[in-house]
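Here's the letter readout for the chains.
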Amino acid sequence: QLQLQESGPGLVKPSETLSLTCTVSGGSISSSNYFWGWIRQSPGEGLEWIGSIYYSGSTYYNPSLKSRVTISVDTSQSQFSLKLSSVTAADTAVYYCARDASARRWFDPWGQGTLVTVSS
Amino acid sequence: DIQVTQSPSSLSASVGDRVTITCRASQSISTYLNWYQQKPGKAPNLLIYGASSLRSGVPSRFSGSGSGTDFTLTISGLQPEDFATYYCQQSFTTPLTFGGGTKVEIK
(Lines give C-alpha, C1' and ligand atoms only; values in the text may rest on other atoms or scores of the structure.)
Protein backbone atom coordinates (compact mmCIF):
# COMPACT_ATOMS: atom_id res chain seq x y z
CA GLN A 1 0.00 0.00 0.00
CA LEU A 2 1.48 3.28 -1.10
CA GLN A 3 2.27 5.71 1.70
CA LEU A 4 3.66 9.23 1.70
CA GLN A 5 5.22 11.02 4.66
CA GLU A 6 6.20 14.67 4.90
CA SER A 7 9.14 15.81 6.97
CA GLY A 8 10.85 19.10 7.71
CA PRO A 9 10.96 22.04 10.13
CA GLY A 10 7.70 23.15 11.65
CA LEU A 11 8.88 26.72 12.18
CA VAL A 12 10.48 29.00 9.59
CA LYS A 13 11.46 32.65 10.00
CA PRO A 14 10.07 35.31 7.66
CA SER A 15 12.15 35.86 4.51
CA GLU A 16 13.80 32.44 4.88
CA THR A 17 13.26 29.31 2.79
CA LEU A 18 10.77 26.61 3.71
CA SER A 19 12.09 23.11 2.92
CA LEU A 20 10.07 19.92 3.09
CA THR A 21 10.66 16.36 1.93
CA CYS A 22 8.13 13.68 1.08
CA THR A 23 9.18 10.05 1.36
CA VAL A 24 7.30 7.51 -0.72
CA SER A 25 7.03 3.92 0.45
CA GLY A 26 5.12 0.85 -0.69
CA GLY A 27 5.44 1.74 -4.36
CA SER A 28 7.76 3.18 -6.98
CA ILE A 29 8.31 6.91 -7.34
CA SER A 30 9.53 6.16 -10.88
CA SER A 31 6.14 5.07 -12.22
CA SER A 32 5.37 6.60 -15.59
CA ASN A 33 1.71 7.00 -14.67
CA TYR A 34 2.08 9.54 -11.91
CA PHE A 35 3.37 12.91 -10.89
CA TRP A 36 4.14 13.77 -7.29
CA GLY A 37 2.57 16.88 -5.91
CA TRP A 38 2.53 19.41 -3.10
CA ILE A 39 -0.69 21.01 -1.85
CA ARG A 40 -1.12 23.37 1.08
CA GLN A 41 -4.00 24.41 3.29
CA SER A 42 -3.86 27.60 5.30
CA PRO A 43 -5.49 27.46 8.75
CA GLY A 44 -9.24 27.42 8.30
CA GLU A 45 -8.89 27.88 4.55
CA GLY A 46 -9.18 25.78 1.45
CA LEU A 47 -6.67 23.83 -0.58
CA GLU A 48 -4.03 25.28 -2.90
CA TRP A 49 -2.01 23.26 -5.39
CA ILE A 50 1.65 24.30 -5.25
CA GLY A 51 3.14 22.14 -7.97
CA SER A 52 3.99 18.65 -9.16
CA ILE A 53 7.02 16.79 -10.45
CA TYR A 54 7.52 13.77 -12.69
CA TYR A 55 10.17 11.18 -11.81
CA SER A 56 12.27 12.48 -14.73
CA GLY A 57 12.38 15.90 -13.08
CA SER A 58 9.80 17.71 -15.21
CA THR A 59 7.94 20.20 -13.06
CA TYR A 60 4.61 22.03 -13.14
CA TYR A 61 4.09 24.96 -10.79
CA ASN A 62 1.18 27.12 -9.77
CA PRO A 63 1.90 30.49 -11.43
CA SER A 64 0.90 32.25 -8.22
CA LEU A 65 3.91 30.70 -6.46
CA LYS A 66 6.20 29.88 -9.36
CA SER A 67 8.76 32.60 -8.66
CA ARG A 68 9.40 31.21 -5.18
CA VAL A 69 8.95 27.45 -5.61
CA THR A 70 11.36 24.68 -6.48
CA ILE A 71 10.31 21.03 -6.47
CA SER A 72 12.93 18.33 -6.97
CA VAL A 73 13.02 14.53 -6.95
CA ASP A 74 15.53 11.96 -5.75
CA THR A 75 14.45 8.61 -7.15
CA SER A 76 17.29 6.76 -5.39
CA GLN A 77 15.82 7.80 -2.05
CA SER A 78 12.15 7.62 -3.17
CA GLN A 79 11.78 11.23 -2.12
CA PHE A 80 10.66 14.51 -3.60
CA SER A 81 11.14 17.89 -2.03
CA LEU A 82 9.66 21.36 -1.85
CA LYS A 83 11.49 24.62 -1.36
CA LEU A 84 9.56 27.86 -0.96
CA SER A 85 11.68 30.98 -0.67
CA SER A 86 11.09 34.38 0.90
CA VAL A 87 8.30 33.13 3.11
CA THR A 88 5.87 35.37 4.96
CA ALA A 89 3.13 34.73 7.49
CA ALA A 90 0.81 34.09 4.56
CA ASP A 91 2.75 30.89 3.85
CA THR A 92 1.78 29.42 7.22
CA ALA A 93 -0.17 26.30 6.33
CA VAL A 94 -0.41 22.55 6.52
CA TYR A 95 1.64 21.21 3.64
CA TYR A 96 0.63 17.92 2.07
CA CYS A 97 2.40 15.73 -0.45
CA ALA A 98 0.32 13.47 -2.66
CA ARG A 99 0.50 11.23 -5.68
CA ASP A 100 -0.83 13.06 -8.74
CA ALA A 101 -2.42 10.85 -11.41
CA SER A 102 -0.70 12.21 -14.50
CA ALA A 103 -3.46 11.53 -17.04
CA ARG A 104 -6.40 12.92 -15.07
CA ARG A 105 -4.61 14.78 -12.28
CA TRP A 106 -6.39 13.65 -9.15
CA PHE A 107 -4.52 13.30 -5.85
CA ASP A 108 -4.47 9.90 -4.17
CA PRO A 109 -3.13 9.04 -1.67
CA TRP A 110 -2.04 11.98 0.45
CA GLY A 111 0.52 12.22 3.21
CA GLN A 112 -0.72 13.10 6.68
CA GLY A 113 0.40 16.70 6.29
CA THR A 114 2.81 18.84 8.26
CA LEU A 115 2.11 22.26 9.77
CA VAL A 116 4.66 24.91 8.90
CA THR A 117 4.43 28.16 10.81
CA VAL A 118 6.21 31.27 9.58
CA SER A 119 7.16 33.40 12.56
CA SER A 120 10.16 35.15 14.02
CA ASP B 1 -7.21 30.13 -13.91
CA ILE B 2 -10.37 28.01 -13.79
CA GLN B 3 -12.41 28.89 -10.72
CA VAL B 4 -14.49 26.20 -9.07
CA THR B 5 -17.32 27.34 -6.84
CA GLN B 6 -18.98 25.00 -4.39
CA SER B 7 -22.39 25.41 -2.85
CA PRO B 8 -23.52 25.46 -0.20
CA SER B 9 -20.52 26.33 1.94
CA SER B 10 -22.11 24.43 4.79
CA LEU B 11 -25.21 22.39 5.48
CA SER B 12 -26.87 20.62 8.36
CA ALA B 13 -28.32 17.18 7.81
CA SER B 14 -29.49 14.15 9.73
CA VAL B 15 -28.34 10.57 9.55
CA GLY B 16 -30.15 8.91 6.68
CA ASP B 17 -30.66 12.10 4.70
CA ARG B 18 -29.81 12.46 1.03
CA VAL B 19 -27.27 15.24 0.61
CA THR B 20 -26.30 17.02 -2.60
CA ILE B 21 -23.29 19.30 -3.02
CA THR B 22 -22.75 21.33 -6.17
CA CYS B 23 -19.57 22.42 -7.88
CA ARG B 24 -19.56 24.88 -10.77
CA ALA B 25 -16.52 25.58 -12.96
CA SER B 26 -15.87 28.96 -14.55
CA GLN B 27 -15.46 27.26 -17.94
CA SER B 28 -16.13 23.86 -19.41
CA ILE B 29 -13.90 21.17 -17.94
CA SER B 30 -15.50 18.09 -19.54
CA THR B 31 -15.43 15.47 -16.77
CA TYR B 32 -12.11 16.56 -15.24
CA LEU B 33 -13.62 16.96 -11.79
CA ASN B 34 -12.69 15.14 -8.60
CA TRP B 35 -14.22 15.04 -5.14
CA TYR B 36 -12.49 14.66 -1.75
CA GLN B 37 -13.60 14.19 1.85
CA GLN B 38 -11.63 15.76 4.68
CA LYS B 39 -12.14 15.15 8.39
CA PRO B 40 -10.72 17.50 11.03
CA GLY B 41 -6.97 17.17 11.43
CA LYS B 42 -6.69 14.69 8.57
CA ALA B 43 -5.62 14.82 4.95
CA PRO B 44 -8.26 14.82 2.21
CA ASN B 45 -9.26 11.46 0.78
CA LEU B 46 -10.28 10.92 -2.81
CA LEU B 47 -13.91 9.85 -3.22
CA ILE B 48 -14.80 10.39 -6.87
CA TYR B 49 -12.59 10.95 -9.92
CA GLY B 50 -13.49 11.82 -13.46
CA ALA B 51 -16.77 13.34 -12.23
CA SER B 52 -18.51 10.01 -11.66
CA SER B 53 -16.03 7.18 -11.02
CA LEU B 54 -16.08 5.85 -7.48
CA ARG B 55 -12.65 5.26 -5.99
CA SER B 56 -12.14 1.67 -4.90
CA GLY B 57 -13.12 1.18 -1.29
CA VAL B 58 -15.45 4.18 -1.14
CA PRO B 59 -19.00 3.27 -0.09
CA SER B 60 -21.56 3.16 -2.89
CA ARG B 61 -23.76 5.75 -1.13
CA PHE B 62 -21.38 8.32 -2.62
CA SER B 63 -21.99 9.23 -6.25
CA GLY B 64 -20.94 11.96 -8.63
CA SER B 65 -22.42 13.33 -11.81
CA GLY B 66 -22.09 16.15 -14.28
CA SER B 67 -19.98 17.38 -17.15
CA GLY B 68 -19.04 20.70 -18.66
CA THR B 69 -19.44 23.27 -15.91
CA ASP B 70 -21.91 21.78 -13.44
CA PHE B 71 -21.25 18.84 -11.14
CA THR B 72 -22.85 17.24 -8.10
CA LEU B 73 -21.74 14.98 -5.30
CA THR B 74 -24.59 13.04 -3.73
CA ILE B 75 -24.54 11.09 -0.49
CA SER B 76 -27.53 8.75 -0.41
CA GLY B 77 -28.26 7.91 3.19
CA LEU B 78 -25.89 10.02 5.27
CA GLN B 79 -23.94 8.04 7.87
CA PRO B 80 -22.33 9.35 11.07
CA GLU B 81 -18.85 8.95 9.57
CA ASP B 82 -19.81 11.17 6.61
CA PHE B 83 -19.86 14.37 8.64
CA ALA B 84 -16.85 16.14 7.17
CA THR B 85 -15.84 18.79 4.68
CA TYR B 86 -16.03 18.00 0.98
CA TYR B 87 -13.95 19.60 -1.76
CA CYS B 88 -14.12 19.47 -5.51
CA GLN B 89 -11.03 19.90 -7.70
CA GLN B 90 -10.76 20.61 -11.39
CA SER B 91 -8.02 18.77 -13.27
CA PHE B 92 -8.74 20.07 -16.78
CA THR B 93 -5.78 22.39 -16.80
CA THR B 94 -3.10 23.83 -14.59
CA PRO B 95 -3.11 25.47 -12.19
CA LEU B 96 -5.13 22.70 -10.61
CA THR B 97 -7.74 24.38 -8.43
CA PHE B 98 -10.04 23.37 -5.60
CA GLY B 99 -13.44 24.54 -4.55
CA GLY B 100 -13.85 26.32 -1.24
CA GLY B 101 -15.36 23.32 0.49
CA THR B 102 -18.72 22.28 1.89
CA LYS B 103 -18.93 21.42 5.56
CA VAL B 104 -21.56 18.80 6.32
CA GLU B 105 -22.68 19.09 9.93
CA ILE B 106 -25.05 17.15 12.12
CA LYS B 107 -28.51 18.62 12.44
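Placed above this text is the structure.
Calculation notes
Residues numbered from 1 in each chain as written. Chains lettered and ligands numbered in written order. Predicted model: local features only at pLDDT ≥ 70, side-chain atom pairs only at ≥ 80, totals over all residues. Heavy atoms only, no water. Pairing = 2+ DSSP bridges. Helix = DSSP H or I, 4+ residues; strand = E, 2+ residues; numbered from the N terminus. Axes fitted to C-alpha atoms, helices over the stretch in contact; angles between N-to-C directions. Contact = heavy atoms within 4.5 Å. Buried area = accessible area lost by both parts, 1.4 Å probe. Salt bridge = Lys/Arg side-chain N within 4 Å of Asp/Glu carboxyl O. Polar contact = N/O pair within 3.5 Å; in protein donor to acceptor, adjacent residues only side chain to side chain. Nonpolar A, V, L, I, M, F, W, Y, C, P; charged D, E, K, R; others polar. Disulfide = S-S within 2.5 Å. Buried < 20%, exposed > 50% of the residue type's maximum accessible area, 1.4 Å probe, protein only. Phe/Tyr/Trp six-rings, centres within 6.5 Å; stacked < 30°, edge-to-face > 60°. Lys NZ or Arg CZ within 6 Å of the ring centre and 35° of its normal.

*Asks:* Sorry if this is basic, but what is going on with the sheet that holds strand 3 (residues 18-25) of chain B here?
*Replies:* What holds strands together in a sheet is hydrogen bonding between their backbones, with the strands either parallel or antiparallel. All names here are of chain B. If you trace the four strands from one edge of the open sheet to the other, you get 1-3-8-7, paired in antiparallel fashion. Where the open sheet ends on each side, the last strands, each with one partner, are strand 1 (4-7) and strand 7 (62-67). Across the sheet, the mean angle separating the axes of adjacent strands is 20 degrees when strand polarity is ignored. Note: strand 3 against strand 8 (residues 70-76), seven bridges, orientation antiparallel. Looking across to strand 8, one finds that C23 is bridged to F71.

*Asks:* Teacher, can you tell me more about the interface of chain A and chain B here?
*Replies:* Taken together, the 20 residues of chain A in the interface contact 19 residues of chain B. Each partner contributes to the roughly 1700 Å² buried at the junction of chain A and chain B, and carbon and sulfur atoms together form 61% of this total. Broken down residue by residue, the surface that chain A buries against chain B is led by A:L47, A:R104 and A:W106, which jointly contribute 37%. At the junction of chain A and chain B, the tally comes to one salt bridge. Between B:R55 and A:D108 there is a salt bridge, with the nearest N and O atoms lying 2.9 Å from each other. Inspection of the region where chain A meets chain B yields nine residue pairs in polar contact (both at pLDDT 80 or more). Elements with a contribution of two residues or more to the side of chain A that touches chain B: strand 4 (34-41), strand 5 (47-53), strand 9 (93-101) and strand 10 (107-110) of chain A. Residues belonging to the side of chain A that touches chain B are distributed by class as follows: nine nonpolar, five polar and six charged.

*Asks:* Is there a simple way to think about the state of the cysteines in this case?
*Replies:* As used in these notes, a disulfide is a covalent bond between sulfur atoms, one from each of two cysteines. Applying the stated criterion across every chain yields a total of two disulfides over all chains. Between the sulfur atoms of A:C22 and its disulfide partner A:C97 the distance amounts to 2.1 Å. Linking A:C22 and A:C97, the disulfide has an S-S dihedral of approximately 65 degrees and is accordingly described as right-handed. With A:C22 in strand 3 (residues 18-25) and A:C97 in strand 9, this pair connects stretches of sequence that are 75 residues apart. Like A:C22, the residue A:C97 is buried in the burial classification. Disulfide pairing is shown between B:C23 and B:C88; the S-S distance is 2.2 Å. For the disulfide bridge between B:C23 and B:C88, the dihedral angle about the S-S bond is near 70 degrees, and by the sign convention the bridge is right-handed. Of this pair, B:C23 sits in strand 3 while B:C88 sits in strand 9 (residues 85-90); the two residues are 65 residues apart in sequence, bridging distant segments of the chain. For the pair formed by B:C23 and B:C88, the shared burial category is buried.

*Asks:* Sorry, what's going on with the packing of aromatic side chains here?
*Replies:* Any aromatic ring pair is given by two values, namely how distant the centres are and how the planes are angled relative to each other. Across all of its chains, the model carries 13 aromatic pairs over all chains by this definition. Arranged with centres 5.0 Å apart and planes meeting at 65 degrees, the rings of A:F35 and A:Y60 form a pair that is edge-to-face. Taken together, the positions of A:F35 in strand 4 and A:Y60 in strand 6 (residues 59-61) put the pair 25 residues apart, joining distant regions of the chain. When its relative accessible area of 9% is taken as the criterion, A:F35 is described as buried. By relative accessible area, A:Y60 is classed as partly exposed at 35%. On the numbers, 6.0 Å between centres and 50 degrees between planes, the contact of B:Y36 with B:F98 is tilted. Pair noted here: B:Y36 is in strand 4 (residues 33-38) and B:F98 is in strand 10 (residues 97-98), with a separation of 62 residues, a long-range link. Overall, B:Y36 belongs to the buried group, its relative accessible area being 0%. B:F98 gets classed as buried once you look at its relative accessible area, which sits at 9%. One aromatic cluster is present, formed by A:Y96, A:F107, A:W110, B:Y36 and B:F98 through successive ring pairs. Its guanidinium or amino end placed over the ring of A:Y34, A:R99 lies 3.9 Å from that ring's centre, counting from NZ or CZ.

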